[in-house]
Every structure is written in structure tokens, then in C-alpha cells.
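Chain by chain, the residues:
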Amino acid sequence: MTIRLLLIILFIPFNVNSGTSIVASIKPIHSITSSIASNIAGPKLLLDYSQDAHHFNLKPSQIRMINDSNMLIAINPNFETGMSKLLNSIKSNNKIIITDTKKINLILSNGNSSPNYHLWLDISNIKKISNHIAEKLILIDPDNKVNYKDNLNVLTLKLDKLENKISNKLSKYANNNFATYSDSLQYFIESNLLKKPFIVTKYHGDRLSIYAAIKARNTIKNSKINCLLSDIDIPKEKIDTLTKDLNIKKARIDVMGININEGPEQYFKLMNNITDEIVQCLQ
């Protein structure tokens with residue numbers, strides 16, 4: 001990030017304007033916020049498809065978007081590191097840090113003491129997050145309290161149905177052996193009671209050494225694992241090298257739903273897509 005852009009971030013005033021203007025950092029959180037604020041406010045999505053949620057530089061237009069809003073929603077400053085300074089400078093009444101949600105299930109990364117931030121992949125988390133977002137929006141927009149609560153009730157019922165649908169699809173594969181390239185699917189796997197997978201790398205973003213790759217190949221072969229799940233940000237060539245000459249199915253999972261159009265249905269399509277990809281791999 002340039003010094004000039006950093007100065008803009010540090011000294012730009014956060015505008016608490018009349019009405020409700022919401023900005024959400026990533027698509028899954030933007031999606032559920034869109035449901036909660038339906039017919040009240042149109043939340044804006046901060047990060048576009050070309051920006052890595054973990055490593056990005058805010059554009060001047062994105063800084064203006066944040067400045068023109070009165071509520072910024074993000075996972076955690078340690079997740080969206082590109083705006084950690086900005087997040088820390090905003091008053092608590094005008095931001096929602098998802099990891100601050102009460103009673104949320106926060107898992108530690110595999111082999112790491114820091115949290116695994118892919119928490120939206122657990123629907124029970126999303127229900128708690130939805131309540132948290134609704135409560136915060138009511139504080140800044142009390143005139144629409146009834147509308148927020150009505151929208152929240154509708155969303156909760158849809159999430160209940162989604163949870164049951166996914167659970168029913170996956171239940172028959174609960175004891176299947178499989179592997180994951182990293183721990184980014186950990187929330188999805190644990191919440192749906194799937195068997196603990198063999199994890200190739202310690203955590204999302206960890207590098208795979210030649211020694212670790214050889215060891216992983218041997219484990220996959222000896223454990224008769226026939227399914228490997230990986231994020232779409234892992235180069236296909238890496239997966240092909242790891243699985244060469246092994247009789248194994250592969251599924252590349254879009255955990256963020258980058259390629260799904262933004263809006264209220266994005267989260268539901270995301271979770272259904274992940275389920276279908278995993279089912280096809282485990283069959």
C-alpha cells in the first residue's frame with residue numbers, strides 16, 4: 001500500500017450519515033446482510049472478484065464507499081489484512097467484526113494457534129452472525145426494527161431448511177475417507193459430522209514442501225483415500241503433481257463463492273454448490 005493511500009485511510013473521517021448505508025467485505029457476509037436489510041437498505045460489496053480477501057490494497061473508490069457508509073461489516077482485521085488499520089480506526093458502533101459474535105464456534109487452524117476464519121461454512125455460525133448483524137443494524141436504524149426482525153425470521157427459516165437439506169445429502173458419506181489440501185473446509189466438515197480428513201498442509205496458505213508432498217502421497221495411497229478436496233486458489237498443477245498416478249477423485253471448492261452473483265441467494269447457492277462438489281467426490 002502506498003504512503004499516500006495509507007494517509008487517506010488514516011485521516012479520512014468515517015461518515016455517520018442519515019439513513020442506513022452498509023458495506024460488507026466478502027460475498028457470503030454480504031449475502032446474509034442483504035437478506036436482513038431487504039427492502040430497507042442495499043448493502044454494498046467491498047471486495048471484487050479480482051481481490052484476494054487475505055491480501056489486497058484498498059482502491060480509492062473502496063475507501064470512498066466505506067466513508068459514505070455508516071456500518072462496515074468484516075470477518076476480522078487479521079482476515080481482511082488489507083484494511084486492518086482502517087477497521088481498527090472505526091468506532092465500534094459503526095462496524096461489525098464477525099468474530100466478536102457471541103457464542104460463535106471459532107476453530108483454531110490446523111497446526112496453528114491462530115483462528116481459522118472460514119467460519120461462514122458452518123450454518124449454525126451464520127445463524128448467530130445474522131442475529132448479531134440484525135441487532136447492530138437496529139441500533140443505528142431503530143425505525144426499521146420490526147422490518148429487520150421480520151427479515152431475520154425469514155432468513156433463519158431458510159437457513160434451517162438449508163442445514164437439513166445439506167445434512168441429509170451428506171449423512172450417507174459420514175464414514176468415508178477423504179483428504180483436504182488445507183483446513184479451509186474444517187467448519188463445513190465438522191458441522192456436517194463428516195469423518196476427520198487427512199489434511200495435506202497444516203493450514204490455508206501453508207506451503208507444500210517436496211518432502212511433505214511425498215509423505216502426503218504415501219498417506220493417500222496407504223489409507224485408500226479416493227477423494228481430495230482443495231480450494232480453487234490452489235493451482236491445478238500442484239494438485240495434479242500431488243496426485244499423479246493415484247486413483248483419486250479431485251474437487252476444487254470455491255469456499256467464498258467468488259463466481260456466484262452477489263445478493264441474498266449467494267450464500268445458499270455457495271453452500272449447495274460445496275455440498276454437491278463434495279458428494280460427487282465422495283461417491
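Structure: see above.
So, here is what we can say about the structure in this document.

Cut-offs applied
- Residues numbered from 1 in each chain as written.
- Predicted model: local features only at pLDDT ≥ 70, side-chain atom pairs only at ≥ 80, totals over all residues.
- Heavy atoms only, no water.
- Disulfide = S-S within 2.5 Å.
- Helix = DSSP H or I, 4+ residues; strand = E, 2+ residues; numbered from the N terminus.
- Buried < 20%, exposed > 50% of the residue type's maximum accessible area, 1.4 Å probe, protein only.
- Pairing = 2+ DSSP bridges.
- Contact = heavy atoms within 4.5 Å.
- Axes fitted to C-alpha atoms, helices over the stretch in contact; angles between N-to-C directions.
- Salt bridge = Lys/Arg side-chain N within 4 Å of Asp/Glu carboxyl O.
- Core = buried A, V, L, I, M, F, W, Y, C linked by side-chain atoms within 4.5 Å.
- Parallel < 35°, antiparallel > 145°, perpendicular 65-115°, else oblique.
- Nonpolar A, V, L, I, M, F, W, Y, C, P; charged D, E, K, R; others polar.
- Phe/Tyr/Trp six-rings, centres within 6.5 Å; stacked < 30°, edge-to-face > 60°.

Notes on the state of the cysteines
Part 1 of the reasoning: Evaluation of the coordinates by the stated rule reveals 1 disulfide.
Part 2 of the reasoning: C227 shares a disulfide with C281; S-S distance 2.1 Å. The disulfide joining C227 to C281 has a torsion of about 120 degrees about its S-S bond and is therefore right-handed. Here the residue C227 occupies a position in strand β7 (residues 227-231), and C281 occupies one in helix α10 (residues 266-282), the gap between them amounting to 54 residues. A single burial state applies to C227 and to C281, both of which are buried.

Comments concerning the sheet that holds strand β1 (residues 22-24)
Part 1 of the reasoning: Spatially, β2-β1-β3-β4 is the arrangement adopted by the 4 strands of the open sheet, whose pairing is parallel. Both edges of this open sheet fall to β2 (44-45) and β4 (95-97), since each of them pairs with a single strand only.
Part 2 of the reasoning: Looking at chain direction, strand β3 (residues 71-74) and β4 are connected through 3 bridges and run parallel. Across the sheet, I73 pairs through a bridge with I96, a residue of β4.
Part 3 of the reasoning: Of the strands in this sheet, β1, β3 and β4 touch helix α5 (residues 123-140), which is tilted by about 165 degrees from β4.

Digging into the pattern of salt bridges
Part 1 of the reasoning: Enumeration according to the criterion identifies 6 salt bridges in this entry.
Part 2 of the reasoning: With a shortest N-O distance of 3.2 Å, K250 and D240 are connected by a salt bridge. Placement of the pair is K250 in strand β8 (residues 249-253) and D240 in helix α9 (residues 236-243), with a sequence separation of 10 residues.
Part 3 of the reasoning: Taking the relative accessible area as the measure of exposure, K250 reaches 43% and is therefore partly exposed.
Part 4 of the reasoning: Through salt bridges that share partners, K127, D160 and E163 make up one connected network.

Considering the sheet that holds strand β5 (residues 179-180)
Part 1 of the reasoning: Spatially, the 4 strands line up as an open sheet ordered β6-β5-β7-β8, and their pairing is parallel. For this open sheet the edge positions go to β6 (198-199) and β8, each flanked by a neighbour on one side alone.
Part 2 of the reasoning: Of the pairings in the sheet, the one linking β5 to β7 comprises 2 bridges and is parallel in character. Looking at β7, one finds that T180 is bridged to L229.
Part 3 of the reasoning: Each of β7 and β8 touches α10; the most contacted strand, β8, lies at about 170 degrees to it.

Some points on the nonpolar core
Part 1 of the reasoning: M83, I98, W120, I133 and Y267 are the most contacted members of the largest nonpolar core, which has 72 residues in total.
Part 2 of the reasoning: Sort the elements by how many residues they give to this core and α10 lands first, with 9 residues.
Part 3 of the reasoning: Aside from chain neighbours lying at most four places away, what touches M83 is S25, L46, F56, L58, I66, L72 and A74.
Part 4 of the reasoning: Formed by 13 residues, the second largest nonpolar core is a distinct cluster that contains Y181, L228, I234 and I248.

Quick notes on the packing of helix α2 (residues 27-36) against α10
Packed helices, taken two at a time, are described by the angle between their axes plus the distance between the axes.
Part 1 of the reasoning: Interaxial distance between α2 and α10 falls to 7 Å at its minimum, and their mutual angle equals 130 degrees. The orientation of α2 with respect to α10, classified from their angle, is oblique. Contacts between α2 and α10 involve K27, P28, S31 and I32 from the first element and Q266, Y267 and L270 from the second.
Part 2 of the reasoning: Class assignment for the residues of the contact of α2 with α10 results in 4 nonpolar, 2 polar and 1 charged.

Let's talk about the packing of aromatic side chains
Part 1 of the reasoning: Tallied over the entire structure, the rule returns 3 aromatic pairs.
Part 2 of the reasoning: Consider the rings of F79 and W120, whose centres lie 5.9 Å apart with planes at 75 degrees: the pair is edge-to-face. Pair noted here: F79 is in the loop between β3 and α4 (84-89) and W120 is in the loop between β4 and α5, with a separation of 41 residues, a long-range link.
Part 3 of the reasoning: W120 gets classed as buried once you look at its relative accessible area, which sits at 0%.

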